[in-house]
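# Summary of the model geometry
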Amino acid sequence: MTTPSAKAKEVLQKYWDLTLPVNVGSIAKQAGAHLILEPLEGFSGSFEYLNGKPTIRVSSTEALVRQRFTIAHELGHFVLGHPDSYRDGPDNFSSQNLDPIEVAANRFAAEILMPEQLIKYFVFKQGVTAISKLAKSADVSEVAMGYRLRNLGLIS
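The paragraphs below set out a description of the structure included in this document. (Residues numbered from 1 in each chain as written. Predicted model: local features only at pLDDT ≥ 70, side-chain atom pairs only at ≥ 80, totals over all residues. Heavy atoms only, no water.)

## Section: the environment of Pro54
Inspection of the secondary structure assignment puts Pro54 in strand S3 (residues 53-59). Separated by 21 residues in sequence, Pro54 and Ala33 place their C-alpha atoms 4.9 Å apart. (Helix = DSSP H or I, 4+ residues; strand = E, 2+ residues; numbered from the N terminus.)

Quick look at the structure:
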């Protein structure tokens with residue numbers, strides 16, 4: 001069975017143009033998803049099939065770093081073959097959420113937005129260790145970068 005991180009690496013290899021920050025919207029579209037940014041009431045994003053087309057909806061009223069993570073998370077639901085009709089509120093993006101489907105989508109999103117090879121390059125080759133600088137380079141929140149660094153075993 002392919003892990004969420006391995007699947008994300010496959011998607012990056014196929015669609016990523018190697019520029020930073022990772023253009024997750026472009027990747028989602030290239031992967032075949034229809035992307036809709038609109039004000040959403042009570043949730044950050046969703047994944048569903050509309051008229052047979054995989055569709056990712058993202059709340060346009062949230063911070064850009066949240067929108068980027070939501071796109072990546074919903075793309076994870078699509079690529080990982082999760083059933084549609086996911087409506088993801090803030091709790092689904094939390095590290096406290098233990099639902100295996102949500103954990104998998106979060107791991108996928110982390111790899112898409114903060115590729116392991118890139119983070120290790122910045123830390124080991126460029127000597128960048130400040131979470132704020134790493135987060136800014138990937139256009140993610142400092143909280144997301146902190147979790148990513150911990151999950152990669154780069155900080156405790």
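Read on, since the account is not over.
## Remarks on unusual backbone geometry
Leu20 connects to Pro21 through a cis peptide bond whose omega is -10°. Within the secondary structure, Pro21 sits in the loop between helix H1 (4-15) and helix H2 (24-30). Positive phi, normally seen in glycine, also occurs at Leu18, with a value near 70°. For Leu18, the location among the structural elements is in the loop between H1 and H2. By relative accessible area, Leu18 is classed as exposed at 62%. Positive phi, close to 50°, is recorded for Asn51, a residue that is not glycine. For Asn51, the position within the fold is in the loop between strand S2 (45-50) and S3. (Buried < 20%, exposed > 50% of the residue type's maximum accessible area, 1.4 Å probe, protein only.)

## Remarks on the packing of helix H6 (residues 131-138) against helix H7 (residues 142-151)
At a closest axis distance of 9 Å, the pairing of H6 and H7 adopts a crossing angle of 105°. One finds that H6 runs roughly perpendicular with respect to H7. The residues of H7 that touch H6, namely those facing Ile131, Ser132, Leu134, Ala135 and Ala138, are Glu142, Met145, Gly146 and Leu149. Class assignment for the residues of the contact of H6 with H7 results in six nonpolar, two polar and one charged. (Axes fitted to C-alpha atoms, helices over the stretch in contact; angles between N-to-C directions. Parallel < 35°, antiparallel > 145°, perpendicular 65-115°, else oblique. Contact = heavy atoms within 4.5 Å. Nonpolar A, V, L, I, M, F, W, Y, C, P; charged D, E, K, R; others polar.)

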